[in-house]
Every structure is written in C-alpha cells, then in structure tokens.
Amino acid sequence: MNGTVLRSEYLVLIVDDEQFNRMQLRLFIEKEGYQTAEAQNGREALTVVQQLHPDIVLLDAMMPDMDGFECCAQLQSLDCSKYTPVLMITGLEDQESVDRAFAAGAIDYVTKPIHWAVLRQRVKRLIQQSQLQQEQESVNQELKRLATIDGLTQIANRRKFEEYFSQEWRRMAREQKPLSLILCDVDCFKAYNDTYGHRAGDRCLQKVAKAIQSAARRSVDLVARYGGEEFAVVLPNTNAKGATQVAQAMRLAVRMLAIPHSNSQASFYVTLSVGVGTTIPVPGSDFEEMIVAVDRALYQAKLTGRDRVVINHSN
Ligand code: GH3
Ligand code: MG
C-alpha cells in the first residue's frame, strides 16, 4: 500500500435518513479533503451510486424505505459498484446486526456515536484497498487479453481459437445450428520471405491478418492466427453458402491488397488459398475431425492452383 497517493477528488457517498447526521459526516469528510454526495435512504443511494460512481459508501444501517442491509446487498449485484467499498455505520452493536452487515457485503463497519479518528483511518484505508484491487483487476484483464492475442498480427492466437471453436462447437450442438470453419494459408510464403526478407514477410502477414479480419463482419466471428502464415476463422450460426461468401471475400480482400510477389506460382501478388466447411455439430462429438476435413479442402486449393476457395462437402 506504500506509495499509493490518495487523489483529492475521491467521492464519498453519505447515506443517512437524518439530516443532522449527514451534515456532520459531510463536514468531517470534506475537511479530510474528499468530495461528498448524499442520499436519504437505500433506494436513493442506489440511484446516486449508478450516476456518480462514488469511491466509497458510508451507509447508515437503520433507515426507512430501504435500510442499509438491503441497500448493501443490492449494491453488490450492480456491475458499476462491484469494487465500491461499503462502510456500514450502525448504532446497533449487537452480534446479529454486525453479522447481517457483513453478510450483505459490507466491507467494514463503525458504530455510533462515531469515533472520528477511527472513521478517518477506515475511509482512507478502504479507498486505498479498493484502488489497489481495481488496478490488480485491470492488470489481470490485460494479462488475460495478452495471453489470447498473437503478438505480430494483434489478432486472436491459436489458443484463443481452440477455446472459442470448442465453445461454439458445443453451443451450436445444443442449438442444432450450423457452424462454419475457414482455414486460409498464404500462397508461396516461403518464397516471399526468400525474395523480400523476413521483416517484409512479417509486415505482409500483418496486412493479410487485417484484410481477413475486415471480411469477417459479425461480432461473433473470430479470426485467429492458426500458425505461421495460416489463419483460422470461426463463423457460428453460418451456413455453407454464407461461409463460402465470407471465404471468397477474404481471398479477394488479400488479393486487393495488391502486395507484389514476383516469385509466387499463383499470381504476381500475394494470395490466399482457402478451405471452408460447415456442419451442425453432433452433441458430444469432437471438433478435431472438422479441422482435419477443412484442412483437406485447403490442401485441395493448394493442389489445384492456389488463390482459390475449396469447399469441404464431407459434412
Ligand atoms: P504454400 O503456397 O504451399 O503454402 O507454400 P508456402 O511457402 O507458403 O508454405 P511453406 O509451409 O513451405 O512455408 C511457409 C513459410 O512461412 C515458411 C516460414 O518461414 C514462413 N513463416 C511462418 N511464420 C512466419 C512469420 O511469422 N514471419 C515470416 N516472415 N515468415 C513466416
Ligand atoms: Mg503457405
């Protein structure tokens, strides 16, 4: 916690049905350098939390309309206040109330009459903790994102592809809807590297990835780098006709980049060979077979001259 500097603009929401209590709290909290907002009961507090996103909520336990326990429980279910610490202020010192406060999701409590020095430390500490927790969470999310992204092309990597394909395989099996898979491979890419150099090869792959990505238009479509110069595309809820259109659009998008390739056997430009397949997955079946089948179609595209789309009809 050392080194965490408290911003001066932290917002403290004070919730109490007694105007005098609110005023007393507000004067103290503002003197400590925080900004404040107020609510008179639990219901109002929920609204203010969603509008202003306070950094901490000081919540009176006993209030008419919606009491602190109920309000606290509801705050936990709001996405926007997941990390907002709730400090219960309660005149009730009995065991049951303390238990209820924690059960409802309060992170700590202080009792009335308020011990101001204690309140000051708790507010400071709870804000620091929640800031750290949020930072940690965003670091975790970034790490998770990085683990699924291909460094060179910035699209999904093979790991993400396998995770997503397996998930959509099961979903389409449940819903008995068609799932399509496209495998694309850059033609004569070894010759491209040999002719223009590995760095130019890398830049070429980046452009090709972008072009393929631009042809996958639905939010549920996933384009991934499957291997060196091979890309895999998952198209949930897409029939064979749709998938073939997408596959052709990908092939064309790469061709339209018009990246010169003087040593290609297929064209004067960088081109793609594409295999495509569609199936309604059988519940409980394995997706490996489909990858093999579509890979076979891709191989056919290579054999029959490259720069083309071949459809697998085995399904
Ligand atoms: P085909 O048309 O039959 O697919 O021939 P190809 O030359 O594309 O296929 P091959 O598998 O023989 O060669 C693939 C080449 O792709 C070899 C490899 O060095 C290159 N490659 C794979 N990953 C990368 C990469 O990240 N950057 C660069 N620059 N080249 C890569
Ligand atoms: Mg290739």
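Everything here concerns the structure above.
First, a word on what this report is: a plain description of the structure on this page. (Residues numbered from 1 in each chain as written. Chains lettered and ligands numbered in written order. Predicted model: local features only at pLDDT ≥ 70, side-chain atom pairs only at ≥ 80, totals over all residues. Heavy atoms only, no water.)

The terminal C-alpha atoms of helix α5 (residues 116-147), which comprises 32 residues, lie 46 Å apart, in line with the 46 Å expected from a rise of 1.5 Å per residue. Where α5 is buried, its residues touch α1 (19-31), β3 (56-60), β4 (86-90) and β5 (108-111). (Helix = DSSP H or I, 4+ residues; strand = E, 2+ residues; numbered from the N terminus. Expected span 1.5 Å × (residues − 1). Contact = heavy atoms within 4.5 Å.)

For the magnesium ion (ligand 2), the full set of protein donor atoms is D185 (OD), V186 (O) and E229 (OE), at a range of 1.9 to 2.3 Å. Every donor residue of the magnesium ion (ligand 2) comes from the same chain, spaced as D-V-x42-E. (Donors = N, O, S within 2.8 Å, 3.2 Å for Na, K, Ca; no water.)

Turning to the sheet that holds strand β7 (residues 222-225), a few remarks are in order. By way of backbone hydrogen bonds, the strands of a sheet pair with one another, either parallel or antiparallel. In spatial order, the strands read β7-β8-β6-β9-β10; together these five strands make up an open sheet with mixed pairing. A single partner strand is all that each edge strand has here, and the edge strands are β7 and β10 (309-311). This sheet shows a mean twist of 20° between the axes of neighbouring strands, independent of strand direction. Sitting on the sheet, helix α6 (residues 158-175) is in contact with β6 (179-186), β7, β8 (230-236) and β9 (272-279), with an inclination near 25° to β8. (Pairing = 2+ DSSP bridges. Axes fitted to C-alpha atoms, helices over the stretch in contact; angles between N-to-C directions.)

With that settled, the discussion passes to the packing of aromatic side chains. For any pair of aromatic rings, the description rests on two quantities: the centre-to-centre distance and the angle between the ring planes. Summed over all chains, the structure comprises nine aromatic pairs. When the ring of F161 is compared with that of F165, the centres are 5.4 Å apart and the planes differ by 15°; the resulting orientation is stacked. Residue F161 and its partner F165 are located together in helix α6, separated by four residues, close to a single helical turn. A residue is classified by how much of its surface remains accessible, and F161, at 0% relative accessible area, is buried. Judged by its relative accessible area of 0%, F165 is buried. Their ring planes at 65° and their centres at 6.5 Å tell us that W169 and F287 sit as a pair that is edge-to-face. Note that W169 is positioned in helix α6 and F287 in the loop between β9 and α10 (288-303), a separation of 118 residues in sequence. Assigned by exposure class, W169 and F287 land together as buried. (Phe/Tyr/Trp six-rings, centres within 6.5 Å; stacked < 30°, edge-to-face > 60°. Buried < 20%, exposed > 50% of the residue type's maximum accessible area, 1.4 Å probe, protein only.)

What follows is about the packing of helix α7 (residues 189-196) against helix α8 (residues 198-215). Two quantities define a packed helix pair, namely the angle between the axes and the distance from one axis to the other. At a minimum axis separation of 7 Å, α7 and α8 run at an interaxial angle of 130°. Judged on the interaxial angle alone, α8 and α7 are oblique. On α8, the residues that touch F189, Y192, N193 and Y196 of α7 are H198, A200, G201, C204 and L205. Residue classes in the contact of α7 with α8 are distributed as six nonpolar, three polar and no charged. (Parallel < 35°, antiparallel > 145°, perpendicular 65-115°, else oblique. Nonpolar A, V, L, I, M, F, W, Y, C, P; charged D, E, K, R; others polar.)

Next up on the list: the site of ligand 1. Neighbouring residues of ligand 1: 17 residues in total, closest C188, F189, N193, D202 and R225. Between ligand 1 and C188 there is a distance of 2.6 Å, counted from an oxygen atom to a backbone nitrogen or oxygen. At 2.8 Å from an oxygen atom of ligand 1 is found a side-chain nitrogen or oxygen belonging to R306. Taking 650 Å² as the accessible area of ligand 1 by itself, protein coverage stands at 67%. Elements supplying a minimum of two residues to the shell around ligand 1: β6, α7 and α8. Top contributing element to the shell around ligand 1 by residue count: α8, with four residues. In terms of residue class, the shell around ligand 1 is built from five nonpolar, four polar and eight charged. (Near = heavy atom within 4 Å. Polar contact = N/O pair within 3.5 Å; in protein donor to acceptor, adjacent residues only side chain to side chain. Areas by Shrake-Rupley, 256 points an atom, 1.4 Å probe, with all protein chains shown as cover.)

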